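# Descriptive analysis of the structure
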Amino acid sequence: MYSIQDPVQGNLLGFLQDKKEFVFLDTSRPLTENTQSFLFIEPINRIVCRVGDDLEKYLDDLQRYLQSGHFLAGWAGYEFGTILEGKIDVKPKSSACGKDVIADFGVFDRPYSFNHETGENDLPHCSTFSLDSGDYRITNLRSNMDKERYLRALERVQDYIAA
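Attention here is on the structure that accompanies the text. Values in this document were obtained by computation on a predicted structure and should not be read as measured data.

## So, the overall build of the chain
Helix and strand counts for the chain come out as four helices and six strands. Helices and strands in the chain line up, N terminus first, as α-β-β-β-α-β-α-β-β-α. Across the 163 residues of the chain, 25% fall into the buried class. For the chain, the share of sequence-separated contacts (at least 6 apart) that also reach a separation of at least 24 residues comes to 71%. Approximately 12,200 Å² of the chain is accessible, and the part contributed by carbon and sulfur atoms is 50%.

So, in structure tokens, the structure goes:
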């Protein structure tokens, strides 16, 4: 299996450095059924769903774009799924920005791809970009708490998860 490495990686980073919106779905651990990484750039639209919005209308909007040959890339939060299933009732938080976003998808004309089986790709690139190959290291790395305190904190986290 191939991974995205230099010079492809450096050229891709150079291309993306000035992009305001893109979605990169990287398969960093390719498997036999999961061998493609996808890049979506320059959305023609963004469809955002907030707490309290009509979920059926939102899904219909997404479906219309798919049926017209477009691609969708973005995210849906846990709350979106549970509201859709009718299992919870999420109340909007009061904030200056409005209602909480629970799903956000960009609408794209096409994906660019990297095939991890063959290394073939059509990823865009910037040939004038190069990664700095400086010699970087971290020295004198120390924890801000002792081992016993760390283990107690970790145990509290595990208790929260188990609750």
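Once the structure has been displayed, the description carries forward.
## What about helix H2 (residues 55-67)?
Taking 1.5 Å per residue as the helical rise, H2 with its 13 residues ought to reach 18 Å, and the 18 Å between its terminal C-alpha atoms agrees with that figure. Residues Leu55, Tyr58, Asp61 and Leu62 constitute the buried set of H2. The buried residues of H2 occupy an angular sector of 125° when the element is viewed end-on, so they sit on one face. Exposed positions of H2 whose direction lies more than 90 degrees from the buried face are Glu56 and Gln67. For H2, the secondary structure elements touched by its buried residues are strand S3 (45-50), strand S4 (71-76), helix H3 (78-84) and strand S5 (101-108). Here H2 starts with a cap whose side-chain oxygen sits 3.0 Å from the backbone nitrogen of glutamate 56, and that cap is aspartate 54. Looking one or two residues beyond H2, the residue adopting positive phi is glycine 69, at roughly 95°.

## Digging into the sheet that holds strand S6 (residues 112-115)
Whenever strands of a sheet pair, they do so through backbone hydrogen bonds, lying parallel or antiparallel. Taking strand neighbours across the sheet as the criterion, the three strands line up as S1-S2-S6 in an open arrangement whose pairing is antiparallel. Strands with a single pairing partner mark the edges of an open sheet, and in this sheet they are strand S1 (22-25) and S6. In this sheet, adjacent strand axes meet at a mean angle of 10° when their direction is disregarded. In the sheet, S1 pairs with strand S2 (residues 36-41) via four bridges, with the strands oriented antiparallel. Its bridge partner lying in S2, leucine 25 is registered against phenylalanine 38. Against the sheet, helix H1 (residues 8-16) makes contact with S1 and S2, and its axis sits at roughly 20° relative to S2, the strand it touches most.

## Overview of the sheet that holds S3
Taken in spatial order, the three strands line up as S3-S5-S4 in an open sheet, and their pairing is antiparallel. Each edge of the open sheet is held by one strand with a lone partner, namely S3 and S4. Going across the sheet, the axis of each strand differs from the next one's by a mean of 15°, ignoring polarity. Summarising the sheet, S4 and S5 pair through six bridges and their orientation is antiparallel. Directly across from glycine 74, in S5, lies its bridge partner phenylalanine 105.

## A few points about the packing of aromatic side chains
Counted according to the given criterion, the structure contains two aromatic pairs. A centroid spacing of 5.3 Å and a plane angle of 50° characterise the contact between phenylalanine 40 and phenylalanine 108, whose relative ring orientation is tilted. Of this pair, phenylalanine 40 sits in strand S2 while phenylalanine 108 sits in strand S5, and the two are 68 residues apart along the sequence. For the pair tyrosine 58 and phenylalanine 80, a centre-to-centre distance of 5.8 Å together with 70° between the ring planes defines the contact as edge-to-face. Linking tyrosine 58 in helix H2 with phenylalanine 80 in helix H3, this pair joins segments that are 22 residues apart in sequence. Considered together, tyrosine 58 and phenylalanine 80 belong to a single accessibility category, that of buried residues. Its guanidinium or amino end placed over the ring of tyrosine 112, arginine 110 lies 3.9 Å from that ring's centre, counting from NZ or CZ.

About the criteria used
By convention here, each chain's residues receive numbers from 1 onward along its written sequence. At least 70 in pLDDT is required for a residue's local features to be given in this predicted model, at least 80 for side-chain atom pairs to be given and counted, and no such filter applies to totals for whole chains, interfaces and linings, which use all residues. Hydrogen atoms and water are omitted, and side-chain values are computed over all heavy atoms in the structure. Strands here are runs of E lasting at least two residues and helices are runs of H or I lasting at least four, both read from the DSSP assignment and numbered beginning at the N terminus. Per-residue accessibility, obtained with a 1.4 Å probe over protein chains only, is compared with the maximum for each type, and a residue is labelled buried under 20%, exposed over 50%, and partly exposed between these values. By definition, residues are in contact when any of their heavy atoms lie within 4.5 Å. Each accessible area value is a Shrake-Rupley result obtained with a 1.4 Å probe; residue values ignore everything except the protein chains displayed when judging cover. Here, expected helix span is obtained from the residue count minus one, scaled by 1.5 Å. Arc, as used here, means the arc of the directions from the helix axis to the C-beta atoms. Each polar contact in these results corresponds to two N or O atoms within 3.5 Å; when the atoms are within protein, one needs to be able to donate a hydrogen and the other to accept it, and residues that are neighboring in sequence are counted only if both atoms are side-chain atoms. Criterion used throughout: strands pair if DSSP finds at least two bridges between them. Throughout, an axis means a line fitted to C-alpha atoms (over the contacting stretch in the case of helices), and angles, computed between N-to-C directions, take values from 0 to 180 degrees. Two aromatic rings from Phe, Tyr or Trp, using only the six-membered ring of Trp, form a pair when their centres are within 6.5 Å; if the ring planes differ by under 30 degrees the pair is stacked, by over 60 it is edge-to-face, and anything between is tilted. Two limits define a charge over a ring: the Lys NZ or Arg CZ must be within 6 Å of the ring centre, and within 35 degrees of the ring normal.

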